[in-house]
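Summary of structural features
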Amino acid sequence: MDCSSDQRQMITEPLLSNRKGGIRTIPFILANEAFERLASFGLSTNMIMYLTKEYGMDAAQGAQVLFLFSSATNFTPILGAVLADSYVGRYRMIGFGCVASLLGMVLLWLTTFPEARQPLCVHLSHSCNSRSTLQLVHLYTAFGFMAIGAGGIRSSSLAFGADQLSITNSLQRARIRESFFRWYYVTVTASVFVAMTCVVYIQENMGWMVGFGVPVMLMILSGLSFSLASPFYVKSKPKASWITGLAQVVVASFRNRSVELSTEATVEVRYHATGSVLAVPSKRLRFFNKACIVGNPQVDVTPDGNALDPWSLCTVDQVEDLKTLIKVIPLWSSGMLMFVNVSQGSFIVLQASTMDRHITSKFEIPAATFLSFAVLVIVLWVALYDRIIIPFVSKIKGHPVRLGLKKRMGIGILLSTTSMAALAIAESVRRETAIKEGFSDRPDAELHISTFLLLPFLALSGVAEAFTPIGQNEFFYTELPKSMSSIASTLNGIGLSVASLVSSFMVRAVRDLTKVEGQESWVSSNINKGHYDYYYWLLASLSFANFLYYLVCSKSYGPSMEEQRNIVADESY
């Protein structure tokens, strides 16, 4: 009854009757994001099969291309956020992203026409014609436009939706915004799952031309759904970027490097923002304190209290914002290797393509669809954790209980290490089966071994993602000031981007170092002669070392804001 009452109250809120914005615009924004994710993940999930089958790339080369594409796709939203906040606005950035993504997907779809690429190759063999430079330029140009488009849409979609609900600061609208965030992430997750199943199935059964044409149509729907509500959107004007504020602290500190800092807090005059509660900067990273020292009030500050040159004088808040960001960087970096583990999906698709994927005698699951199991595990675990485990433990304890954010991040990193060990074992069994069945020289042959051998890895990987990335997002939002909330939302994207570059470097290094005369490299195109299990054991070993690094970073960080609040709460019980 309460839920129905709340819903009726939301419908009658003035939010709907306002000329601009309101919850009436949210379905269009969610549809725009949903169709974009459907289209992009529908293409990228199975792309390794397209590159090896139709472009004759070996497994390592194809994976490197996809690592670089993933890195660009995760990095462009950061650039898009800066441009949207500082110059063009979120509405125009999303519109630009829709156009760029559509252009990239059309170009990629055109590569499926025989005139645009070489003849069909024998899967994972060397009997392919050489690729022309023009064909590769066409392919990489399509990837480039898709990465730029994703940056335009994903950088601004969530914030643009929140803009529609920011007409007032009432508690009612705060609840509506919170509901929008939940629905946003549910929509994104559901779209990725459908892309990994339905779109991939179409590609496997109807061919690449139809399979790549479907994302084009989905992207058209994405642009249309966004533009239909254009007259009703709240279109906030650009403002100063957070990157500019942080850069000003660095530049001002360097310019004022000759300033001597006093150990007495009352000696120096510091520049404060209006309404700031910070009287003095902290003692950590004291060099940056020079950015907020007022040398001559008559020269450095205007009569209305503003800094004459923001690149020479910054507020105490700006200085502390930069220090806080620097403080979380070690913990942020400790989660990067987990993203490297997650990015191995291309190789997993190749493994699954050689295994028995039949559910029934007539129905076979596409190899790339198996990756969706990890997405399903994430959703199920989050629901189980939030709705069953935590309420049950809280009921036993007699007071609210939650697993600490730092503990959740550590558990996720450890589970990710375990998942790579499980994947290495599964690959060792798969490879031995291929050799026993006489398929050493036939990497495209289907083995008499079920793809469900990969499920332990996918389950552990999914739970790990439910712990660490989600825990990191909450941790960054908790630790960083509210003024840096946009930074908190982009840190994981930066981590994913860097992890993809690291993955590309590692694959290249492993291929070059393990390929000797008369012997295949660990990441050979012939996965039956290669040793992908060794490669996964290498990742598992690095992941365990990274877990130890995380423990050191966690201890040196000291009590987090959440832990300090929990200490106070525990003392009250």
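Worth saying up front: this structure is predicted, and the values here are computed from it rather than measured.

Here we take up the environment of Thr25. Along the chain, Thr25 falls in the loop between α2 (14-17) and α3 (26-44). Among the residues examined, Thr25 registers a relative accessible area of 1% and is labelled buried. Thr25 sits 205 residues away from Ser230 along the chain, and the two C-alpha atoms are 8.8 Å apart. Those residues in contact with Thr25, other than ones at most four positions away along the chain, are Gln164, Phe232 and Tyr233.

Moving on to the confidence of the model for the protein chain. When pLDDT is averaged across the protein chain, the result is 84; 87% of the residues are at 70 or more. Within the model, pLDDT remains below 50 along residues 1-17, and this stretch shows 18 contacts once partners closer than five positions in the same chain are excluded. Scored below 50 in pLDDT, residues 122-127 makes 14 contacts in the model with residues more than four places away or belonging to other chains.

Turning our attention to the packing of helix α6 (residues 90-110) against helix α8 (residues 157-164). Viewed as axis vectors pointing N to C, α6 and α8 meet at an angle of 140 degrees, and their least axial separation amounts to 10 Å. Put simply, α6 runs oblique to α8. Between α6 and α8 lies a crossing whose hand is left-handed. Contact with α6, carried on its side by Arg90, Tyr91 and Ile94, involves Ser157, Ala159, Phe160 and Asp163 of α8 and no other residues of that element.

The subject of this paragraph is helix α10 (residues 208-228). Taking 1.5 Å of rise per residue, the 21 residues of α10 would be expected to cover 30 Å, and the 31 Å separating its terminal C-alpha atoms lies within 8% of that figure. Turning to α10, its buried residues number three or more, namely Trp208, Gly211, Phe212, Gly213, Pro215, Val216, Leu218, Met219, Ser222, Gly223, Ser225 and Phe226.

Another point: the pattern of salt bridges. Enumeration over the complete set of coordinates arrives at twelve salt bridges. Between Arg90 and Asp163 there is a salt bridge, and its shortest N-O distance comes to 2.7 Å. Of the two residues, Arg90 is situated in helix α6 and Asp163 in helix α8; the sequence distance between them amounts to 73 residues. An identical accessibility class is assigned to Arg90 and Asp163; each is buried. Across the pair Arg357 and Glu364 runs a salt bridge whose closest N-O atoms are separated by 3.6 Å. Residues joined in a network through salt bridges with shared partners are Glu33, Glu36, Arg37 and Arg154.

Calculation criteria
- Residues numbered from 1 in each chain as written.
- Predicted model: local features only at pLDDT ≥ 70, side-chain atom pairs only at ≥ 80, totals over all residues.
- Heavy atoms only, no water.
- Helix = DSSP H or I, 4+ residues; strand = E, 2+ residues; numbered from the N terminus.
- Buried < 20%, exposed > 50% of the residue type's maximum accessible area, 1.4 Å probe, protein only.
- Contact = heavy atoms within 4.5 Å.
- pLDDT = per-residue confidence, 0-100.
- Axes fitted to C-alpha atoms, helices over the stretch in contact; angles between N-to-C directions.
- Parallel < 35°, antiparallel > 145°, perpendicular 65-115°, else oblique.
- Left-handed = near helix turned anticlockwise from the far one by under 90°.
- Expected span 1.5 Å × (residues − 1).
- Salt bridge = Lys/Arg side-chain N within 4 Å of Asp/Glu carboxyl O.

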